[in-house]
Amino acid sequence: MVGGSGEEKGQKSGFMAGSHPYFNLPDFTQPSPPSTPPSLSSHQRCRPSDATKGLLVALLGGGLPAGFVGPFSRMAYQASHFPSLELLICRCLFHLPIALLLKLRGDPLLGPPDVRGRACLHALLNVLSIGCAYSAVQVVPAGNAATVRKGSSTVCSALLALCLESQRLSGYDWCGLLGSTLGLIIIVGPGLGTLQEGTTGLYTALGYVLAFLGGLALSLGLLVYRSLDFPSCLPTVAFLFGLVGLVGSVPGLFMLQTPVLPKDPLSWSCVGAVGILALVSFVCVSYAVTKAHPALVCAVLHSEVVVALMLQYYVLYETVAPSDIMGAGVVLGSIAIITAQNLSCEREGQVEE
């Protein structure tokens, strides 16, 4: 009887504790454990998507350092009439030490035999693009030369990607691309409409043509790089750029231009800064184009134009028109649209799957 009464009491206390199938009430007689904030498990945590990482690398490591290259190149030319091909040779010298990295890793310097032709083509296109840019910046203001080159590279990258790779862009991406192109037209349009007649106007027009061709070669080079897929691809193409640039620039320097040995420290400082910043920009852009659409990468690289315009006004003391400021604002707004559209995170669990 005693045991039976104990079982009945246990059943009653269980009912009071909320064990009834229809009335699941908590047991307020027992102290509740301290509440802890919910935490995401390892498979639910977010990390930036590949497109986000690519665009951020292109913006911070590609566009901003490249914005200093044009003004520094112009400063070297104004200080000692440093030829464009000689400046390209000095830049290529900064790429050659990458051969030590390839040797330490045991990789072939020219890449695997099956992709060696495309890797050399990528290097040749980049050399042509940089050579056209350095030549254009000597007869055209640095900001305008960078504007034409980046604008043509963006438009050509979008068209080539649609025709050859069948890659689709979202509505926000197209809005950003059109906005950035409109900003570039606002910057360079008034200058094209007021070209002087005679030799000066001819050289200025030739500078704009070279800047356009430099952008076209850049877009082709980015498209070729996306087709390369082998280990140590990035250091290989960086070394090939230096090798192909030296092979092509050294004979051209003695045939087309006159070598100059500057004696002032300003010229050497500008040349060294151009080599280092250009190498950083080259590596970051090559990495970014494997993560994001090449047209979006080129659009984000329009930040180079804004930096070049600022240096053109504050360092080179060259005139910056109100249209330049308006166009730079449109470019920055377009970059913000593209970056905000592609800022997303991926679930680690989904990525692993």
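Residues numbered from 1 in each chain as written. Predicted model: local features only at pLDDT ≥ 70, side-chain atom pairs only at ≥ 80, totals over all residues. Heavy atoms only, no water.

Draft legend 1. Quick look at the overall build of the protein chain. Looking only at helices and strands, the protein chain has 14 helices and two strands in total. For the protein chain, with 353 residues in total, the buried portion stands at 46%. Of all intrachain contacts in the protein chain linking residues separated by at least 6 positions in sequence, the fraction that spans at least 24 positions is 89%. For the protein chain, the accessible surface area stands at approximately 18300 Å², while carbon and sulfur atoms represent 67% of it. (Helix = DSSP H or I, 4+ residues; strand = E, 2+ residues; numbered from the N terminus. Buried < 20%, exposed > 50% of the residue type's maximum accessible area, 1.4 Å probe, protein only. Contact = heavy atoms within 4.5 Å. Areas by Shrake-Rupley, 256 points an atom, 1.4 Å probe, with all protein chains shown as cover.)

Draft legend 2. Structural detail: the pattern of salt bridges. By the definition in use, this model includes two salt bridges. Notably, a salt bridge pairs Arg-105 with Asp-107, separated by 3.6 Å at the nearest N-O pair. (Salt bridge = Lys/Arg side-chain N within 4 Å of Asp/Glu carboxyl O.)

Draft legend 3. The nonpolar core, seen in detail. Core analysis: the biggest nonpolar cluster contains 65 residues, and Leu-88, Tyr-134, Leu-228, Phe-241 and Val-297 have the highest contact counts within it. Those residues in contact with Tyr-134 that lie beyond four places of it in its chain are Val-69, Ser-73, Ser-84, Leu-87, Leu-88, Arg-91, Val-274 and Ala-278. Counting residues in hydrophobic clusters, the runner-up holds seven residues, among them Ala-145, Val-188, Tyr-208 and Ala-211. (Core = buried A, V, L, I, M, F, W, Y, C linked by side-chain atoms within 4.5 Å.)

Draft legend 4. Spatial organisation of unusual backbone geometry. The residue His-81 is not glycine, and still its phi comes out positive at about 55 degrees. With respect to the element layout, His-81 can be found in the loop between α2 (50-80) and α3 (84-93).

Draft legend 5. Structural detail: the confidence of the model for the protein chain. Looking at the protein chain as a whole, its pLDDT mean stands at 78, while 78% of the residues score no less than 70. Contacts for the low-pLDDT stretch residues 9-23, under 50 throughout, to residues beyond four places or in other chains number eight contacts. Across residues 347-353, confidence stays below pLDDT 50; counting only partners more than four residues off in sequence or on other chains, it has twelve contacts. (pLDDT = per-residue confidence, 0-100.)

Draft legend 6. A nonpolar patch on the surface, seen in detail. On the surface, Val-139, Tyr-203, Leu-206, Val-209, Phe-212 and Leu-213 cluster together into a nonpolar patch covering about 530 Å² of accessible area. Examined against the element boundaries, Val-209 turns out to sit in helix α8 (residues 199-226). Val-209 gets classed as partly exposed once you look at its relative accessible area, which sits at 43%. (Patch = residues over 30% accessible without salt bridge, like charges linked within 9 Å, V, L, I, M, F, W, Y side chains within 5 Å.)

Draft legend 7. Layout of the UniProt feature "transmembrane region" (unreviewed entry) in the protein chain. Under the UniProt annotation, the feature "transmembrane region" (unreviewed entry) is placed at residues 54-72, 174-193, 205-225, 237-254, 266-289 and 296-315. Measuring from the first to the last C-alpha atom of residues 237-254 gives 26 Å, for a span that is 100% helix and 0% strand. What you have in residues 266-289 is 96% helix and 0% strand, and the ends, taken at the C-alpha atoms, are 34 Å apart. (UniProt positions renumbered as here; feature names shortened; annotations may be inferred.)

Draft legend 8. Summary view of the packing of α2 against helix α12 (residues 303-314). Viewed as axis vectors pointing N to C, α2 and α12 meet at an angle of 35 degrees, and their least axial separation amounts to 7 Å. As for how α2 packs across α12, the hand of that crossing is right-handed. Along the contact surface, α2 presents Leu-59, Gly-63, Leu-64, Ala-66, Gly-67, Phe-68 and Pro-71, while α12 presents Ser-303, Glu-304, Val-307, Ala-308 and Leu-311. (Axes fitted to C-alpha atoms, helices over the stretch in contact; angles between N-to-C directions. Left-handed = near helix turned anticlockwise from the far one by under 90°.)

Draft legend 9. Main features of the environment of Val-300. The residue Val-300 is located in helix α11 (residues 294-300) in this model. By relative accessible area, Val-300 is classed as buried at 1%. For Val-300 and Ala-58, which are 242 residues apart along the polypeptide, the C-alpha to C-alpha distance reads 6.7 Å. Those residues in contact with Val-300 that sit more than four places away from it in its chain are Leu-55, Ala-58, Leu-59, Ile-335, Ile-338 and Thr-339.

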